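# Report on the structure
Each chain is listed here by its residues.
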Amino acid sequence: MKLTGIELRRVGMPLVAPFRTSFGVQHERDVLLVRVVTDQAEGWGECVAMGDPLYSPEYVDAAADVLRRFLIPALGDADRLTADRVGHVLHGFKGHRMAKCALEAAVLDAELRAEGRPLARELGAVRDSVPCGVSVGIMDSVPELLDAVSGYIDAGYVRIKLKIEPGWDVEPVRAVRERFGDELLLQVDANTAYTLADAGQLARLDPFDLLLIEQPLDEEDVLGHAQLAKLVTTPICLDESITSAATAAAAISLGACRIVNIKPGRVGGYLEARRIHDVCMAHGIAVWCGGMLETGIGRAANVALAALPGFTLPGDTSASDRYFSTDITEPFVLDAGYLTVPTGPGLGVAPLSDQLDAVTTSTEWISL
Ligand SMILES: CC(=O)N[C@@H](Cc1ccc2ccccc2c1)C(=O)O
Ligand SMILES: [Mg+2]
């Protein structure tokens, strides 16, 4: 397969409602899409970096820059390029995993479309549909939170995740547990908002039978999570801390987590995401697929990944309308709490040109 050129396309998509986390409030997504054109097919990848470096060090303008100046030229210089070589070709460039993921995913999509093979089968999917959870932001009041949670339960979501931060943790969790009962699958995500000194406060969540506490401490404080794990009974799940199969193995060996949230963008691609899945399964660590408010392009790939055998907990692979009134692909619609894994070649979905053009803010063609 010969690469002939790559398009960097920026789209701006308003969120259906503001999404508040411990690191700020998001009102829209400024998304970078990568389209790889080859002599046999074209492929799409989505860069999940935010507009600002608040979730991780990456941000979308930096991703576009590193792709334009370093990553794409490196691919252009490679001969006999295949998707499983992209990570090796780009390895010399440090970090920028979300940018690398988007590029590798687009090459993989093109390769699989050319060969007529679905991404799900390539990754090792064992299910035709996946159960979906939903991430619920920090709200202005408990009544507002209960209304939002009620709406998501009515929509069919099988698991509720509440964003928490100091001052918004025990009270909202207690209110949701009391209103919706003990059967509701419930977990929390702190996005690094606490320190080890908050262990006592986090231990106050233990009576509520949560599935997990996601990333309570700083992403670089793996040892702190191991110490925290001895002070709370609720399982610790890591998100921001897990950037590769190696860091997953280290975190598991240190007892820093019992569960891992896998996000292909955070770890550099879907092939590394599968390697993390394999490492975790070998250690008996449950994994689930995290979300970065993707368009249908990233959502299609995440649903394929979430169908692998070790993904035993519902992910944040929510329906398109959790975030967008109109998606740039055919929308992903919840069916009794499940999303169907695409079966077409590659991603199995492609942008709808009218929708894509309506939200495009810039496009740039790079010849190879
Ligand atoms: C679904 C979910 O909670 N995702 C992230 C946090 C997050 C929140 C808001 C975002 C806005 C733009 C881009 C990425 C974002 C990621 C998480 O699990 O930690
Ligand atoms: Mg998280």
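Residues numbered from 1 in each chain as written. Chains lettered and ligands numbered in written order. Predicted model: local features only at pLDDT ≥ 70, side-chain atom pairs only at ≥ 80, totals over all residues. Heavy atoms only, no water.

Counting its regular elements, the chain contains 13 helices and 13 strands. Computed over C-alpha atoms, the radius of gyration of the chain comes to 20 Å, within 12% of the 21 Å expected from 2.2 N^0.38 for 368 residues, which places it in the range of a compact globule. Principal-axis analysis of the C-alpha atoms gives the chain an extent of 60 × 40 × 35 Å. Taking all 368 residues of the chain together, the buried fraction comes to 58%. Considering only contacts within the chain whose residues lie at least 6 apart along the sequence, 73% involve residues at least 24 apart. (Helix = DSSP H or I, 4+ residues; strand = E, 2+ residues; numbered from the N terminus. Rg over C-alpha atoms; globule rule 2.2 N^0.38 Å. Buried < 20%, exposed > 50% of the residue type's maximum accessible area, 1.4 Å probe, protein only. Contact = heavy atoms within 4.5 Å.)

On to the coordination of the magnesium ion (ligand 2), then. The coordination sphere of the magnesium ion (ligand 2) contains the protein donors D189 (OD), E214 (OE) and D239 (OD), at a distance range of 2.1 to 2.2 Å. Sequence spacing of the donor residues for the magnesium ion (ligand 2), all on one chain, is D-x24-E-x24-D. One end of the pair, D189, is in strand β7 (residues 185-189); the other, D239, is in the loop between β9 (236-238) and α9 (245-253), and 50 residues separate them in sequence. For D189, a relative accessible area of 1% gives the class buried. Judged by its relative accessible area of 0%, D239 falls in the buried class. (Donors = N, O, S within 2.8 Å, 3.2 Å for Na, K, Ca; no water.)

Next up on the list: the packing of helix α2 (residues 83-90) against helix α3 (residues 97-115). Here α2 crosses α3 at 155°, and the two axes come no closer than 8 Å. Overall, the two elements α2 and α3 adopt an arrangement that is roughly antiparallel. Classified by chirality, the crossing of α3 by α2 is right-handed. Contacts from A83, V86, G87 and L90 of α2 reach α3 at K100, L103, E104, V107, L108 and E111. Class assignment of the residues belonging to the contact of α2 with α3 gives a composition of six nonpolar, one polar and three charged. (Axes fitted to C-alpha atoms, helices over the stretch in contact; angles between N-to-C directions. Parallel < 35°, antiparallel > 145°, perpendicular 65-115°, else oblique. Left-handed = near helix turned anticlockwise from the far one by under 90°. Nonpolar A, V, L, I, M, F, W, Y, C, P; charged D, E, K, R; others polar.)

Here the focus is the packing of helix α5 (residues 142-155) against helix α6 (residues 170-180). A packed helix pair is summarised by two numbers, namely the angle formed by the two axes and the spacing between the axes. Close contact between α5 and α6 brings their axes to 10 Å; oriented N to C, the two are set at 50°. With respect to α6, the element α5 is oriented oblique. With respect to the hand of their crossing, α5 and α6 are arranged in right-handed fashion. Residues V142, L145, L146, V149, S150 and I153 of α5 form the contact with α6, whose participating residues are E171, P172, A175, V176, R179 and F180.

As a further point, take the site of ligand 1. In the vicinity of ligand 1 there are 20 residues, among which S135, K161, K163, N191 and G291 approach most closely. In the model, an oxygen atom of ligand 1 is placed 3.5 Å from a nitrogen or oxygen of the E214 side chain. G291 is positioned with one of its backbone polar atoms (N or O) 2.8 Å from a nitrogen atom of ligand 1. Burial of ligand 1 by the surrounding chains reaches 100%, relative to a free accessible area of 440 Å². Broken down by secondary-structure element, the contributors of at least two residues to the shell around ligand 1 are β1 (3-21), β2 (24-38) and β6 (159-163). The residue makeup of the shell around ligand 1, split by class, is seven nonpolar, five polar and eight charged. When we break the shell around ligand 1 down by domain, the ones giving at least three residues each are domain 1 (3-116 + 352-367) and domain 2 (121-340). (Near = heavy atom within 4 Å. Polar contact = N/O pair within 3.5 Å; in protein donor to acceptor, adjacent residues only side chain to side chain. Areas by Shrake-Rupley, 256 points an atom, 1.4 Å probe, with all protein chains shown as cover. Domains from an automatic or database assignment.)

This next bit is on the sheet that holds β1. Taken together, the four strands give an open sheet; going across it, the order is β3-β2-β1-β13, and neighbouring strands pair in antiparallel fashion. Two strands in the sheet have a free side with no partner beyond their single neighbour: β3 (42-47) and β13 (360-367). Recorded for the sheet is a direction-independent mean angle of 20° between the axes of neighbouring strands. Bridge count between β1 and β2: 14 bridges; the pairing is antiparallel. Bridged to R10 within β2 is L32. Relative to the sheet, α3 contacts β1, β2 and β3, its axis offset from that of β3 by approximately 155°. (Pairing = 2+ DSSP bridges.)

The seven strands lie next to each other as β5-β6-β7-β8-β9-β10-β11, forming an open sheet whose pairing is parallel. Single-partner strands in this sheet number two, and they are β5 (133-136) and β11 (286-289). Of the pairings in the sheet, the one linking β6 to β7 comprises five bridges and is parallel in character. By the bridge assignment, I160 is partnered in β7 with L186. The strands touched by helix α11 (residues 270-282) within the sheet are β10 (259-262) and β11, with β10 carrying the most contacts at an inclination of about 170°.

Next up on the list: unusual backbone geometry. A positive phi angle, near 70°, is found at T192, a position not held by glycine. Along the polypeptide, T192 turns up in the loop between β7 and α7 (199-203). The phi torsion at D209 lies on the positive side, around 50°, for a residue other than glycine. If you trace the backbone, D209 turns up in the loop between α7 and β8 (213-214). Judged by its relative accessible area of 55%, D209 is exposed.

We now examine the confidence of the model for the chain. Keep in mind that low pLDDT regions are not for reading the predicted coordinates in detail. Per-residue confidence for the chain gives a mean pLDDT of 98, with 100% of residues at or over 70. Interface confidence for the predicted complex, expressed as ipTM, amounts to 0.98; the pTM equals 0.98. (pLDDT = per-residue confidence, 0-100.)

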